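One letter stands for each residue in the lines below.
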Amino acid sequence: VGTTDGYVNFSSLWGQWHWKRTYKQLYKQQKGMWLTPVELFAPYYSNVFANFVSSSMKPMLESKKHNSDGFQIVELGGGRGTNAKALLNHLQLHHDDVYDKLTEYTIFDASPTLHELQRQNLMIDSDHADKINLV
């Protein structure tokens, strides 16, 4: 899974042709073999997921019928941990009540190399280590 050196300022793009040119440049400069939508559209792609998690979980967490103290998120094939970090950052900044109820964010991944990148990205270089479980 590749990564880029920065974010694309989508509001500065002049149309489809400009996006295609930017996209080609990103692929030439990227570190890795390919870029996922999480990497290409960071942090916006993950922010959409965070908003979905919040809007889906909030009613359940506030319900009197819900008898749990929180909830978990499970991600299969977590890549470099980019999605998890951006999603957790967005929840923490914009939906702190939901973030506080998140008991665990588990990433299942078969790659030892990616697990090390996830560990670095999520357990050393972030504020979310207490919520992360790498399997």
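The preceding data block contains the structure.
Residues numbered from 1 in each chain as written. Predicted model: local features only at pLDDT ≥ 70, side-chain atom pairs only at ≥ 80, totals over all residues. Heavy atoms only, no water.

**Q** Can you explain the environment of Gln92? Please cite residues and give values.
**A** Of note, Gln92 is situated in helix α4 (residues 82–94). Using a relative accessible area of 30% as the deciding quantity, one classes Gln92 as partly exposed. Along the backbone, Gln92 and Leu117 are 25 residues apart, and their C-alpha atoms lie at a distance of 22 Å. (Helix = DSSP H or I, 4+ residues; strand = E, 2+ residues; numbered from the N terminus. Buried < 20%, exposed > 50% of the residue type's maximum accessible area, 1.4 Å probe, protein only.)

**Q** Before we move on, could you go through the packing of aromatic side chains and cite the residues and values that matter?
**A** Two measures describe an aromatic ring pair: the distance that separates the ring centres and the angle between the ring planes. Applying the stated criterion across every chain, the model contains two aromatic pairs. Aromatic pair Trp14 and Trp17: ring centres 6.1 Å apart, planes at 55°, arrangement tilted. Ring centres of Tyr45 and Phe49 lie 5.4 Å apart, and the angle between their planes is 75°; on these two criteria the pair is classed as edge-to-face. Here the residue Tyr45 and the residue Phe49 both occupy positions in helix α3 (residues 44–62), the gap between them amounting to four residues, near one helical turn. The class for Tyr45 is partly exposed, based on a relative accessible area of 32%. Its guanidinium or amino end placed over the ring of Tyr99, Lys131 lies 4.6 Å from that ring's centre, counting from NZ or CZ. (Phe/Tyr/Trp six-rings, centres within 6.5 Å; stacked < 30°, edge-to-face > 60°. Lys NZ or Arg CZ within 6 Å of the ring centre and 35° of its normal.)

**Q** Report on the pairing of strand β1 (residues 71–76), specifying residues and quantitative values.
**A** Residues Phe71, Ile73 and Glu75 of β1 are buried on one face, while the alternating residues Gln72, Val74 and Leu76, pointing to the opposite face, are not. Here six bridges tie β1 to strand β2 (residues 102–108), and the two strands are oriented parallel to one another. Looking across to β2, one finds that Val74 is bridged to Thr106. (Pairing = 2+ DSSP bridges.)

**Q** Please give an account of the packing of α3 against α4 that cites residues and values.
**A** Relative to each other, α3 and α4 sit at 55°, their axes nearing to 8 Å. Here α3 is positioned oblique relative to α4, judged by the angle of their axes. Classified by chirality, the crossing of α4 by α3 is right-handed. Side by side, α3 and α4 meet where Ser46, Asn47, Phe49, Ala50, Asn51, Val53 and Ser54 of the first sit next to Thr82, Asn83, Ala86, Leu87, His90 and Leu91 of the second. (Axes fitted to C-alpha atoms, helices over the stretch in contact; angles between N-to-C directions. Parallel < 35°, antiparallel > 145°, perpendicular 65-115°, else oblique. Left-handed = near helix turned anticlockwise from the far one by under 90°. Contact = heavy atoms within 4.5 Å.)

**Q** Tell me about the nonpolar core, residues and numbers included.
**A** In this structure, Val53, Phe71, Ile73, Leu87, Leu88, Leu91 and Tyr105 are the most contacted members of the largest nonpolar core, which totals 17 residues. Listed by contribution, the elements that provide at least two residues to this core are α3, β1, α4, α5 (96–101) and β2. Dropping the residues within four chain positions of it, Tyr105 is found in contact with Ile73, Glu75, Asn83, Ala84, Leu87, Leu88, Lys131, Ile132 and Asn133. (Core = buried A, V, L, I, M, F, W, Y, C linked by side-chain atoms within 4.5 Å.)

**Q** With reference to specific residues and values, describe the sheet that holds strand β3 (residues 132–134).
**A** Taking strand neighbours across the sheet as the criterion, the three strands line up as β1-β2-β3 in an open arrangement whose pairing is parallel. Of all strands in the sheet, those with a lone pairing partner are β1 and β3, marking the two edges. Across the sheet, the axes of successive neighbouring strands diverge by a mean angle of 20°, strand direction being ignored. In this structure, β2 lies alongside β3, joined through three bridges in parallel fashion. Bridge pairing in β3 links Ile107 to Leu134. Helix α6 (residues 112–124) contacts β2 and β3 of the sheet and is inclined by roughly 170° relative to β3.

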